[in-house]
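Coordinate analysis (summary)
Each chain, written out:
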Amino acid sequence: MPLVVPALRLFIVFLNIYETFKTLKLPPLKRSGQPSARALSQRKRDLKGCLAIWVVWCCYAAYERTFDRVFGFLVPFHGEMKSVLLLFSLLPAPKCGAEPLYLHVIRPFIKPYSIIVDPILEIVRDVGDFVFALLQVPMDYVRSTW
């Protein structure tokens, strides 16, 4: 099992990157110069699916970073269960894979806290932008004198 989980993880990341790349491309244009309404609605559904996959993937990565060693020690067949979860998230059908995990597990867990977390993340982003701007001034000075 030590080799299967990293191989599955790598395969899933590359598959998700490719699917996201295909989804972000604009749909083909009609003669009028605009994509059809059907193509735009399909693209919107695909974007929601890609977002669900990436949210589930980030939650899985955070779980793996923080709790994997503890659960791996306490829970029998933990590696096999992780492999099954990764294979389940590979399934591209809308009723299988990452979308039900997002809609029925992650979203109800996070939604009550979104009112609290959103302003905090906005403040953190503003502080990060300010720090980045402050760090940019010395870098511009160093580049100009070099």
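Residues numbered from 1 in each chain as written. Predicted model: local features only at pLDDT ≥ 70, side-chain atom pairs only at ≥ 80, totals over all residues. Heavy atoms only, no water.

Secondary structure assignment for the protein yields five helices and zero strands. Along the protein, helices and strands appear, N-terminal first, in the series α-α-α-α-α. For 146 residues, the compact-globule formula gives about 15 Å, and the C-alpha radius of gyration of the protein, at 21 Å, lies well above that figure. Overall, the protein is about 60 × 55 × 35 Å in size when its C-alpha atoms are taken along their principal axes. (Helix = DSSP H or I, 4+ residues; strand = E, 2+ residues; numbered from the N terminus. Rg over C-alpha atoms; globule rule 2.2 N^0.38 Å.)

Per-residue confidence for the protein gives a mean pLDDT of 84; residues scoring 70 or more make up 95%. Here helix 3 (residues 78-90) stands out as the element of the protein with the lowest mean pLDDT, 80, in contrast to helix 4 (residues 98-110), whose mean of 88 is the highest. (pLDDT = per-residue confidence, 0-100.)

Unlike most non-glycine residues, Phe77 shows phi in positive territory, near 60°. Along the chain, the position of Phe77 falls in the loop between helix 2 (37-74) and helix 3. Take Phe77: its relative accessible area is 62%, and that puts it in the exposed class. (Buried < 20%, exposed > 50% of the residue type's maximum accessible area, 1.4 Å probe, protein only.)

As a further point, take the nonpolar core. Judged by nonpolar contacts, Val5, Leu8, Ile12, Trp57, Tyr60 and Leu86 together constitute the single largest core of six residues. Looking at this core, the elements with two or more residues in it are helix 1 (4-24) and helix 2. Tallying contributions element by element places helix 1 first for this core, with three residues. Once residues within four sequence positions are removed from consideration, Val5 is found in contact with Tyr60, Glu64, Gly79, Lys82, Ser83 and Leu86. (Core = buried A, V, L, I, M, F, W, Y, C linked by side-chain atoms within 4.5 Å. Contact = heavy atoms within 4.5 Å.)

Let's shift gears to helix 1. Between its first and last C-alpha atoms helix 1 spans 30 Å; for 21 residues at 1.5 Å apiece the expected length is 30 Å, and the two agree. Within the span of helix 1, buried status applies to Val5, Leu8, Ile12, Asn16, Thr20 and Thr23. The buried residues of helix 1 occupy an angular sector of 95° when projected down its axis, which confines them to one face. Facing away from the buried side of helix 1 by more than 90 degrees, the exposed set consists of Leu10, Phe14 and Phe21. (Expected span 1.5 Å × (residues − 1). Arc of directions from axis to C-beta.)

Turning our eyes to something else, we now look at the packing of helix 1 against helix 2. When two helices pack together, their arrangement is captured by the angle between the axes and the distance separating the axes. Relative orientation of the contacting elements helix 1 and helix 2 amounts to 155°, with a least axis distance of 10 Å. Put simply, helix 1 runs roughly antiparallel to helix 2. The way helix 1 lies across helix 2 gives a crossing that is left-handed. Of helix 2, the residues touching helix 1 (which contributes Val5, Arg9, Ile12, Val13, Asn16, Ile17, Glu19, Thr20, Thr23 and Leu24) are Arg43, Asp46, Leu47, Cys50, Ile53, Trp54, Trp57, Tyr60 and Glu64. Tallied by class, residues from the contact of helix 1 with helix 2 come to 11 nonpolar, three polar and five charged. (Axes fitted to C-alpha atoms, helices over the stretch in contact; angles between N-to-C directions. Parallel < 35°, antiparallel > 145°, perpendicular 65-115°, else oblique. Left-handed = near helix turned anticlockwise from the far one by under 90°. Nonpolar A, V, L, I, M, F, W, Y, C, P; charged D, E, K, R; others polar.)

On to a positive patch on the surface, then. On the surface, a cluster of positive charge is contributed by Lys44, Lys48, Arg107 and Lys111. For Lys111, the position within the fold is in the loop between helix 4 and helix 5 (114-145). (Patch = residues over 30% accessible without salt bridge, like charges linked within 9 Å, V, L, I, M, F, W, Y side chains within 5 Å. Areas by Shrake-Rupley, 256 points an atom, 1.4 Å probe, with all protein chains shown as cover. Salt bridge = Lys/Arg side-chain N within 4 Å of Asp/Glu carboxyl O. Lys, Arg positive; Asp, Glu negative; His and termini not counted. Charge placed at Lys NZ, Arg CZ, Asp CG, Glu CD.)

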